[in-house]
Structure formats: C-alpha cells, structure tokens
Amino acid sequence: MNEPVPPMVEVRGLTRTYGAGSTAVTALRDVTFDIAPGELVAVVGRSGSGKTTLLNLLGGLDRPDSGTVRVDGTAVSTLDDSGLSALRRDTVAYVFQTFGLIPALTAAENVGLPLRMRRTPVAERERRVELLLDLVGLRDHARQRPDQLSGGQQQRVAIARALAGSPRLLLADEPTGQLDTETGLAVMSLLRAVVESEGVTAVVATHDQVLMALADRVLAISDGRVDG
Amino acid sequence: MPGLVLVLRRAWVQRRLLTSVVALVAAAAALVGVCTLLLGPTSERGFQVAVERTEPSDLAVTAYVVEVAGGDVPAVRHDAERVVGDLLTGTDPTLQTTATSRLRLLADGDRQAYLSMTDGLPSRAVLLSGRWPAGSGAPYEAAVPASTARLLGLGLGDQVVLGREIGLGGLDEPVRVVLVGTFRPRAHAGWDRDLLAGAGYSPAYSNGLDAAPTYGPFVVAEQSFLESGSSVGGLRVTGTPDRARASDHSLQGVVDGLGDAADALASSAGDRARITRVASDLSATLDRLHAQRAGTRATVLVVLLLGAALAAAAALLAGWSVAAVREDERDLLVAMGLGRRQRVAAAAAEALLLSAVATVVAVPSAALVHARLTHLPDLAAGGLAQGPTPTRSLLAAVVATAVLLTATLVSTTLGTSADRGPATRRGLVARLGAGPLLLVVAGAAWWQLRSQVPSPSDTGDVALTSAPVLAVAALTVLGVRVVPVLLDRAAATAGRSRGLAWSLSTQQAARRPHSGTAMVLVAGAVAAAVLGLALRSTWVQSQSDQADLRVGTDLSLALAAPAGPVEAVQVEQATTGSAAASPVVHRPLALGRFVGDPDARPVLVAVDTHQAGALLRGRTGDDRDWSQVTAGLAPAPSVAGVGLADGGTARLRGDSPPGAALTVVLTAVVQDASDVLAAVPAAPLPLDGTAHEVRWLGPLGDGVGLVGLRLELDGYAGEDPPASPTEISVVIDLPGASAQDAGAAWRVKPLQQQSPVAGAQASLRTTASGSELAATFGLDLEYFSYTGADLLATAFPATASVPVVVSQALVDAVGARTGDELAAVVGDTELTLEVQGVVPAVPSAPGQAAVLADLDALDRALLDAGRLDPVVDSWWVAQPSSADVVGLRDLGLGEVTTRSEVVQQLTRGPLRVPVPAALLALVALAVALLLAGTWLVLGPERQRRTAEVVRLRALGLSRRDARRLLLAEHVAFFVPTFAVGVLVGVVATLLLGPHLVRSDLGTAPVPVPVVAWPWSAELVLVGTVVLATVTLAAVLGALHVRASDPSRMRGVR
C-alpha cells in the first residue's frame, strides 16, 4: 500500500481578527483544511469574506491570532522575517490583482527578479526567463516595460515571474480582477496550464466562474468560515 | 466646486507635505531677505564705519593761498577759513591753518630757511627737547625739526637771524629767532605739504630760480609770525570733517562743491594772493569706499543669484512632489468637469496662502539670521554688528520671493496625467537647447569678465555678478546630462550580473522620475558650495598676496623725516625680536626711456639684499626665493670703511702752493652697523703746512666707519697762478682709527664735470697712532681760481652701474631686457642701472614700474656721484615681535605698517569683511539646499518606494536586503551627481575665480590672483554632504522598508 502523500498546505484552526474592542472584525474563524500537492484550488467568497486574509496567512504575509499554517511541511506562522523571506523566495510565489511589477524594469527583468534574488547563474537565468516568457506568450515583449504592456500582458508577466523561482505553492489574489472577460479567460487558462506544466500547487482567490470551473476544488468562504 | 474650502481641507490632510513646502519657501525667502539686509543696512553701516576709520587727512579739504603780503595775511586767512568751513557745513569740521613764510637767507648768504606758524603744533609733531614756542616780540621763540638743529649745529637758546626774503618784492628786514625746542614731525599730520616735507633739510631746494641748501621750518607762534611782517609763501587752511557725522551724501556734497569753493576762494582773495586752490583727496577716498562697497554688493548679489537659482530648482522639485501626491485627486476632479480656469484659481489661492505663511516665517527669520550674521566675530570686529532690522525692503523682497516660488511650485501641480503625453519635438528642442544656450551666455560673461579691465565703480559690475550663476547653471545643466548615460551604462553592465542589488539599484536610479531637476539642484548645490569655498580661499589669499606686495615686507617704518645714525641705533634697539631689519630706499625714480603715465612714476626700492630672503614678501614669478632673485645685486666685497675711535680727534695737514692760500672743507661720510650713511661736515681749515684739528659740526656716531671723505677746496690761488698743475697733498690723520677692510683701496676723484683737478690719488696706511688717509692731486690753480675744487675720496671702487631687478610693468613700459642699461635720475643724481632680472612686481610697488637694487650698491653709486646726504626713507623688518611693533611705534619716527595689519584691513575692513562672510554663507546655503534637495528627492516618493519594496518583499527580499537595495539606489543616483557638482565647482572656480577678485580700490588685484584650493575644507565639505546624504538616504530607506510590509501588497498600485 502506498504511503499517504503529505498535504502541500495544512491549515488548522486558523483565526485572524483585525482591530480590537467594538470595532474588531474577525476575518477568519477557526479555519481548517488541507491542499494536496499539484492541486488548483479556487477560494471564492464575497468581498470582505476573508479570501485575501487567508492567502496572506498561507504565504506568511500576515500572522494568525491562533491556529497553524504549514506549507510543504514548514510551519509558516512560526517563521521569523528571514525565514518568511526565504519561504517567499523559495517555496511560495504570488500573483496579485495589481500585477506588482517593478515599473523601471522590462518584462524580462521583472521575470528574472526571483532568479536574481537566488543568484542564479546568468545563463541559466536568461534561459529560464526566455522559457517562461515563451510560456506566457510574451517572448516578443521581453524588452518592454510595464507601462508599455496591456493589463493582460502585465498579469502574464506577473505569472511568469511567480513561476520563475519554481515555487511549490502559487498564491493568486484576484488575478483577473483588473482584466476584461476575454483577457481574464486567457489568464485563467494560462494559470491552469502552467500549474499542470510546472507541477505547482495553486490557491487562487477569485470571483471568476471560469476559474472556478477550471479549479480542482473550490473553497467557499463566508463570514470567515470555509465550506467545502 | 473646488474653492477655498477644498484648498484648506486638502492643506490640512497634506499638512506634513505642505509644511515641508512652506519651510522650503520660507528658507529661500529668508535668504533673499538676509541678502537684502546685507545690501541695505549692513552696506550703509559698513560705509559709515569705513568713513570713521579713514585717516582724517584722506577726508580733509585744504585751501591753498600762495604769496600773500604780511599785512593781508589775517584777512586772507579769514576768507580761506570761511570758504573751507562753508564747504564742509554739515560735517562739523575742524579747521587748521598753517602759514609758511617766503624763503629767507641765513647769515652766510649761501643757505636759506623759512618761518612757519601752525595750529595745533603738538598734534602734528613730537617735542624732542625744550618746549613749544609761545609769546611774541623779537627774538621770536621758535622750534625746529631735530634734523635742522643738527645740521645747523643749533642748541636750545641759540639765536638765528633769518635775513631778507628771497625774490622780487621780498622784505629786507631780518627776523631774529631764539631756539626753544626741537621736534619730530608726526606721520599723517600734513607735513607732506611742508616745503621740505618735514625733512628739515634739503641740500638743493629750488624755488624755481635757484637751488640752495635749505633748512626749516622755524615754527613760531601765530602772533610772532604776524608781528614779523613776513610775507606768506603759502597759507594752508585744512578742514577735516567730523567722521562720525559725515555721511555718504554729505561727503559727496563736499566733492561736488570743490569747484565752487575754489572759485569763491579766488574771488575773495582777489589780488591779495598770486595763486589760490582748493584741493582734497576726498574724491579719491570716496571712490575707493564706493568701489569697496560695490565689490561687496556684487559678492552678495552672486550669493543671492546662486541661492535664488537653486531655490527655484528646489521649488520645481517640490512642485512635482506635490503634483505626484495629488495626481489621483486632480484627475478625478478634471474627470468630474473641473475646468483649467478653476484649477488655476484654486492654485492661485493656495499659492497666496502658502506665501503668506512663508512670509510670516521668513521676515523675522531673515531679520534674526541677519542680526546673528553681523554678530559673527569678523563682522562684529568690522563694526557691522546690528540688531534685528525689519525694513520695508526686507518685507518687499520676502513677499516677492515667497509669491514667486509658491507660484512656480503650485503651477507644476496644474497639469493632469492626460496632459503629460509624449514629449513634443518643440519641447525636446527647448530642453536640449537650454544647456548650450546657457553655456553660450555663460561663455560671453566669462569672456567679458576675462577681457575687461576692472575699474573703480559704484554701480557694480554685471559680468562680475552674473558670470558665476550663469557658469554654474550652464555647466550643471550640461554636466548632469552625463549622469543618466553613466547610470544606463552601469545598469547595462549590472544587468549581466547574477545579483539583484547592483542591477536593480542602477536601473531604478537611471529611470527615476524628474531626475533632471533633482540632479540640477543637487549638482548645482554641490558646485555652488565648492565654488564658494574655493572663491573665499582665493579671495583671502589674494588679499594676503596684495598685502605682501603692498608692504613688501613684514613691517615697514616709513620715516617722516630723514634718518641719521641716531635713528638707526634707535631702530636697531627696537627690533631685537625680529629676524632681520634693513634700511630701505623707496622713492620716485626718473627713467630716461619711461613714457608711461606721469602719475605712475617709476619707483626705486633698495634694500640690504643680503637679507632679502628674510625681508622681502611677494611672488618672485618662479621657484626662486628673493635671496636667489637678488643674488648679484650687492657689490662685492663689502666695505666697512675706516673704523673711527670714540673721542679720537682727526687732524688735517696740507700745503698751499707758493703764493696761494687754500682752505679745505671736509665732509665725512660714515656708515653705521646697519649700513646707514651719514654726512658730517667740518669747519673749514687752511692748507698752510700745519696740522689742524678737524672740528666736525655734528656727531660722527659711535662705532661708525669712514667710507667717504669730501674735500671742497677754496681760497686764493695767487697773483699769477701757473698754467701747469701744481701737486697738492692733503693728509688726514685719524688717531685710533683702524682700517677694517684688509687691503681696502681708497680712491679719490673730482666731483665736478669740468675740474681743475688732475691725477688724483688716495692712499690709506696704518700708523702708530691709528690710520692716515692721504689724497694727492694736481691742481690747475688758474682754473681753480674760477671754480674751486671738489673731490671725493671713497673706500670702495668706482661704480659703473647699479645692478637692478626690474618689474614686469617697467619692462612693458620701456621694453627693457636683461643686460640692458637704463639711465635714471634719483633726486638730482644721475645713475646707470643695469637690468639683471625681471620679476612680476617689486615688493612695495605693486603694479608699478619699479626697480629693486641693493642698498649698499645704491649708496655707493650715489656717493660716487657726489650725493652725500642720507637717502634712507624707511626701515623694513622681518618677523617682528609684537614688542618690536610697539617699540617702533613708540619711537615716533614715522608710520609703521605691518603686513598682518594690511591683511586685516583688506580682509576684515568694514566694507571688505562681508565678502568672505557672504561666500561662507553661500556654502552654508548650498549645503542647506542640497539637503533640502535630497529630502525632496527621497522624502515625497514614499508612496512609490513603499509600493516597490512591497513587491520585492513579496518576492522574498528580506528587510535588510531591501534597505541595502534602497541605499544602493540612492548612492547610485547621488554619487555621480555629486561628482558632476564637484567637477562643475572646480571648473567654475578655475575659469572665474581669479577674475572675480577685486582689490580694495575696485581694480584688478596685483599680483594676479591664483586659485587657492582649500583642499582640507573642500574634502570636509564634500565628505560631510556625502555622509549627510547617505545618512538621510539610509534613514528614509529604513522608514520606507518598515512601511513596506508585504501584507499591504493588495492595496499597492
């Protein structure tokens, strides 16, 4: 009999409250779930339901009031700043609604940023950047800066950059939120494709019905609680 | 509709940003205010103090009346005093009258003397013996200069008869005076207007007709002078304004009224005087003060213009920062239908509000800073200390600056993001053309500055004022264009590296928004600071160089009257703490080939060149020092002469030819330890074969050496003098005397060009009792009976020419070259000068055609030509102690000038001290604006920087690496910008520095200024601003990183 595969993400009793006293808002309440490696999970819910808080806690961008988060076996909530930096550099990657590109850098330079942080050899870095830009269909736009690209192109660059460091977990917060329907569909398809081709685990917060359909599983959040 | 309410609410929300803006505008306005106060009240105060510190003689007005009959003197005097008093009305003048009689013959008929009366004699002279004359009634009490008493052999109580007046219409009645006192003229007491300039003696004073030995003045009381009935040769009424009450306006009125006063004097004197004149140095004095004031104002204006230019750049930068913060709001309002006119109205309202707040801060700040500035030690010592002085001009300047800057600042916030499309071709051409255009204008200003001949001016110098700001602006605008190119290159290079920091920081630095203005501000501020420091150092060094050349040595004692052995001993005793001291000849020189400006006559300077290395100051023009430059000017070997024993009595013997009865008058020329020569005459002695004791008419002095002896032969040549020369031998026995120079060869020669003397020979031999000097010569008695005979025996060989080093100005004037001979006249003695070298300028004769000679060589040449009277004009002292300076002043021999005092006057005079202070203020201002610029570059971009750091942190960048990254980016931006600034400052200093310095007369300084780099100060300056900037960048970077928590990623645009 095969050994059970440990989950890529293991969340137990996660609670996060903002503010205090009468103005306190509980974004997550005792949330528990697992995500298997290579799974594409869509996190859905209304605005303010706690989707972003959940992603932030998964990626170590925020700390829970109680509960634990383990990513690839690492207890995220106990890491210090350098540990969190290492986690984000080596294990977790983000794709944000606002793209998060560095305006002064070209598309290729933006994609190469995670590799520079790891001091990847130049030739290997350039090969990987070229491969990823090819993957997201922007090979011909490698030397363009963000302000010379459309929103969809910028998000594709952001996805390429997120994949550059070969992360184990990809967190995407409303990646199509600023895109039109057609472009959003293209980005979602791309995400599905790269998750499969790169073998990464992905957690995507979205309202997009298409992505929900593309996801392996949907986690619905309502009033800080997870269903499903 | 956005109105005042919106403006106020927005201001409240953005209060931290606007506080920075108001602080910047207020600082700039305060700077303008301080400069306005420096140009106004401080400048006026400096002028007033300068007037108060001016020598009274430089402000005085003198009425001259020439040749007045004795009976008319009271009335003419009254008229002259009224004219001068009227002219100086409003300045509360002090009047002083001096009258000099016509020349009168002394008893022997060959010599002449004159009477004088003067107000305030005790203030004009130092009483050396006896008392001041008083009373009336013959014999009239008189005091004379000590030199007159010495040369006439007069003692207190001796009576002298001044015979008839010389010239047509002169009185025949003699005047008998009794000597009651001797005095020494004081410096700056008007003795330069005396017939003999206070010397007390002239060997050949000429009244225009005849030249004769002249003595005087015999100063008597006013009543005595009038009672004597003497005709007045010259009446002088000098009016001196009360300096504390004299203003620029009142003094200018005096200058303007000089012509009318002269007419009034001529009219009132009428036929009672032959010549009338009203003269004053006041015009030149005012020109000098005005030139100094203009020079100081020009420097303050330079500071003002540079500061204003930097402040405008800072305002632009601040405007863009505000615009960036308001971009969203502005775009929203425009999208909602806000028109441009409404935006302009809102901006204008905001500008007015901001400028009002800035004004409220800037006016008292400027007044306080100005007051503090004037209390700095140097300015306070210059008498410029003032309390806070809020003036109308201050308020106007501050308001104008604040409104202008806020308008500039706010206007940059008007455009929407839609307005900022791609650069148009016209805009691109304008941007690219601005630098070269500025460069052309700056080049023109530099050329004008370089080619013009600076002259005293009260109106300022446009080129002098505008060149620095144009040069700094042009070079900075062009220079900073290199920085992005360098950063792009660096980014391209870094892009091929593995790491993140170097690559990303250079990319970010190269693509920073509005970096052009930021770089202009930062580089311009650095350049201004470097320029300010170097300019200050160059200015101060130039003043020191000017003082070196002006004084010529460390201390100069300009004698008010000729010095003799007594004064030499006094000076020697007073300068025991000094490194060297030398008597000096400094007097006009007539050159046969000189065709220059008659008012700039060539000057002869002669010093003991054996001490030149220690004594002389100023540049030699090459690597040699003054001892090397003057090597070869001193005659070799040196001659000490025959040492005369104290109390030894010389005896003379000689034979007259048969039938003749000759007499001889000896004049001994003795030299003391300091090489000062003195001529001491003796009573006539007969040549009758008998040894006669020589009775010297003055003291020979102790420890002196006899270096020359003049023999004037006169007497009866006989009934039928032979046609052929008769040999005459004159022997002077000098008991106890020793020939100090082994092998010294005496020689004798006739002094007359056509002389009855032939075959003259001299010999010196040692005898049992001392030394014996003998002169043997052939005498044509027939010729002698008409001319007499005049011989000179000297202890040194004949002098063919005097070797000299000449100034470049003299070379330019007469075209002399090394090896040339120049015909010159010193006094009335002709000399041949041989040019042995050329120097930029001769010490104590800046910019003048001048020759530098050895004093001993000059003495020998003058003596050889028959000039026996002393020619020492001053003493120069090297490295005197403070006790020496006091001691020399106490001697009262003349004006003592020290190099350090002249440096003080040139650098710290009331109209001069603001120059270095303003240049230091420029440095402080530039550093302040540099830091403000750094803040404007780093501070307001918090939002952008935070967003970028958040992105990088989300990618896994640690806080420490994020801080390093930001610091590296700022260093990549600032370091090349600083380098450009330093380079611009250096180039601007090299190009402009020497041309921006003026003398205290408003003219080009002599010597030509050279850039004096204050390396240590510059290093400290650059190091400090780099450190401050890096620290500021590190602190702000740390704050940005702290504010860049990745959890904020979602909200970051």
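Residues numbered from 1 in each chain as written. Chains lettered and ligands numbered in written order. Predicted model: local features only at pLDDT ≥ 70, side-chain atom pairs only at ≥ 80, totals over all residues. Heavy atoms only, no water.

- In the nomenclature of an unreviewed UniProt entry, chain B is known as ABC3 transporter permease C-terminal domain-containing protein of Nocardioides potassii.
- Per UniProt, chain B carries the Sequence similarities (unreviewed entry) text "Belongs to the ABC-4 integral membrane protein family."
- The Subcellular location (unreviewed entry) comment attached to chain B in UniProt states, word for word, "Cell membrane". (UniProt positions renumbered as here; feature names shortened; annotations may be inferred.)

- As annotated in an unreviewed UniProt entry, chain A carries the name ABC transporter ATP-binding protein and comes from Nocardioides potassii.

## Focus: the overall build of chain B
- What chain B contains, in helices and strands, is 31 helices and 35 strands.
- Relative to the compact-globule value of 31 Å for 1053 residues, chain B shows a C-alpha radius of gyration of 39 Å, a clear excess of over 25%.
- Considering only C-alpha atoms, chain B reaches an extent of 135 × 70 × 45 Å along its principal axes.
- Of all 1053 residues assigned to chain B, the portion counted as buried reaches 53%.
- Counted over contacts in chain B with a minimum sequence separation of 6, partners at least 24 positions apart contribute 82%.
- Per element, the accessible surface of chain B, about 43,400 Å² overall, is 57% carbon and sulfur.
- The positive charge centre, built from 82 side chains, and the negative charge centre, built from 93, are 24 Å apart in chain B. (Helix = DSSP H or I, 4+ residues; strand = E, 2+ residues; numbered from the N terminus. Rg over C-alpha atoms; globule rule 2.2 N^0.38 Å. Buried < 20%, exposed > 50% of the residue type's maximum accessible area, 1.4 Å probe, protein only. Contact = heavy atoms within 4.5 Å. Areas by Shrake-Rupley, 256 points an atom, 1.4 Å probe, with all protein chains shown as cover. Lys, Arg positive; Asp, Glu negative; His and termini not counted. Charge placed at Lys NZ, Arg CZ, Asp CG, Glu CD.)

## As for the sheet that holds strand β3 (residues 40-44) of chain A
Residues and elements named next belong to chain A.
- Read across the sheet, six strands follow the order β6-β7-β8-β3-β9-β10 without closing on themselves; strand pairing throughout is mixed. Looking along the sheet, the strands with just one partner apiece sit at the ends: β6 (92-96) and β10 (225-227). Neighbour to neighbour, the strand axes of the sheet diverge by 20° on average, direction disregarded.
- Bridging between β3 and strand β9 (residues 217-222) involves four bridges; their strand directions are parallel. Bridge pairing in β9 links A42 to V218. (Pairing = 2+ DSSP bridges. Axes fitted to C-alpha atoms, helices over the stretch in contact; angles between N-to-C directions.)

## Some thoughts on the packing of aromatic side chains
- Going through the model one piece at a time under the given rule, you end up with seven aromatic pairs over all chains.
- Taking 5.1 Å as the distance between ring centres and 10° as the angle between the ring planes, the aromatic pair formed by Y94 of chain A and F96 of chain A counts as stacked.
- For Y94 of chain A, a relative accessible area of 6% gives the class buried.
- According to the relative accessible area criterion, F96 of chain A is buried, its value standing at 5%.
- Chaining the aromatic ring pairs together yields one cluster made of W132, F183 and W191 of chain B.
- Here R124 of chain B stacks its cationic end above the ring of W191 of chain B, 4.4 Å away from the centre of that ring.
- Over the face of the ring belonging to F47 of chain B we find R293 of chain B, whose NZ or CZ atom lies 4.7 Å from the ring centre. (Phe/Tyr/Trp six-rings, centres within 6.5 Å; stacked < 30°, edge-to-face > 60°. Lys NZ or Arg CZ within 6 Å of the ring centre and 35° of its normal.)

## Structural notes on the packing of helix α17 (residues 482-495) of chain B against helix α18 (residues 501-510) of chain B
Residues and elements named next belong to chain B.
- Closest axis-to-axis distance for the α17/α18 pair is 8 Å, and the angle between their directions is 155°. On the basis of the axis angle, α17 is roughly antiparallel to α18. For α17 against α18, the interelement crossing comes out left-handed. Taking contact as the criterion, the partners of L487, D488, A490, A491, A494 and G495 in α17 are, on α18, W502, S503, T506, Q507, A509 and A510.
- Here the residues of the contact of α17 with α18 are counted per class, giving seven nonpolar, four polar and one charged. (Parallel < 35°, antiparallel > 145°, perpendicular 65-115°, else oblique. Left-handed = near helix turned anticlockwise from the far one by under 90°. Nonpolar A, V, L, I, M, F, W, Y, C, P; charged D, E, K, R; others polar.)

## Quick word on the pattern of salt bridges
- Summed over all chains, the structure comprises 43 salt bridges over all chains.
- Notably, a salt bridge pairs R12 of chain A with D34 of chain A, separated by 2.7 Å at the nearest N-O pair. One end of the pair, R12 of chain A, is in strand β1 (residues 9-18); the other, D34 of chain A, is in strand β2 (residues 25-35), and 22 residues separate them in sequence.
- Residue classification places R12 of chain A among the partly exposed residues on the basis of a relative accessible area of 32%.
- Of the charged contacts, one joins E901 of chain B and R889 of chain B as a salt bridge, the two residues approaching to 2.7 Å between their closest N and O atoms. With E901 of chain B in helix α27 (residues 899-908) and R889 of chain B in helix α26 (residues 882-891), the pair connects residues that are 12 residues apart, well separated along the chain.
- By sharing partners, the salt bridges in this structure join E44, D248, R293 and R297 of chain B into a single network. (Salt bridge = Lys/Arg side-chain N within 4 Å of Asp/Glu carboxyl O.)

## Focus: the domain arrangement of chain B
- When the domains of chain B are assigned, the result is domain 1 (4-49 + 288-547 + 907-1051), domain 2 (53-287), domain 3 (561-635 + 800-892) and domain 4 (642-794).
- Each of domain 1 of chain B and domain 4 of chain B has a C-alpha centre, and the two are 82 Å apart. (Domains from an automatic or database assignment.)

## Remarks on the environment of G443 of chain B
- Mapping G443 of chain B onto the fold places it in helix α15 (residues 425-451).
- Considering only alpha carbons, one finds G443 of chain B and A467 of chain B, 24 residues apart in sequence, at a separation of 8.4 Å.

## Examining the interface of chain B and chain A
- The interface is formed by 28 residues belonging to chain B together with 29 residues belonging to chain A.
- Taken over both partners, the interface formed by chain B and chain A buries close to 2,700 Å², and the fraction arising from carbon and sulfur atoms is 55%.
- Inspection of the region where chain B meets chain A yields two salt bridges.
- Of the charged contacts in the structure, one is a salt bridge between R953 of chain B and D81 of chain A, with a shortest N-O distance of 2.9 Å.
- Run the count over chain B and chain A and you get 11 residue pairs in polar contact (both at pLDDT 80 or more).
- Going through the elements one at a time, α17, α18 and α29 (942-954) of chain B are the ones with two or more residues in the side of chain B that touches chain A. (Buried area = accessible area lost by both parts, 1.4 Å probe. Polar contact = N/O pair within 3.5 Å; in protein donor to acceptor, adjacent residues only side chain to side chain.)

## Thoughts on the packing of helix α2 (residues 15-53) of chain B against helix α14 (residues 392-411) of chain B
All names here are of chain B.
- Direction vectors running N to C along α2 and α14 enclose 145°, while the axes themselves pass 8 Å from each other. The crossing of α2 and α14 is right-handed. Counted together, V21, V25, A28, A29, V32, G33, T36 and L37 of α2 and S393, L394, A397, V398, T401, A402, L405, T406 and L409 of α14 form the full contact between these two elements.

## A short note on the pairing of strand β4 (residues 112-118) of chain B
All names here are of chain B.
- The element β4 is largely enclosed, with a buried count of seven among its seven residues.
- Relative to β4, strand β2 (residues 94-101) runs antiparallel, the two being bridged by three bridges. Bridge assignment links T100 to a residue of β4, and that residue is S116.
- Judged from the two bridges that link them, strand β3 (residues 104-105) and β4 form a sheet pairing that is antiparallel.

## A word on helix α4 (residues 122-135) of chain A
- For α4 of chain A, which comprises 14 residues, the first-to-last C-alpha distance of 20 Å matches the rise-based estimate of 20 Å (1.5 Å per residue) to within 8%.
- What α4 of chain A keeps buried is the set R125, R128, V129, L132 and L133 of chain A. Down the axis of α4 of chain A, the buried set is contained in an arc of 130°. They therefore lie on one face. Facing away from the buried surface of α4 of chain A by more than 90 degrees, the exposed residues are A123, R127 and L131 of chain A.
- Turning to α4 of chain A, the residues buried within the fold contact α3 (107-117), α5 (151-164) and α6 (181-198) of chain A together with α17 of chain B. (Expected span 1.5 Å × (residues − 1). Arc of directions from axis to C-beta.)

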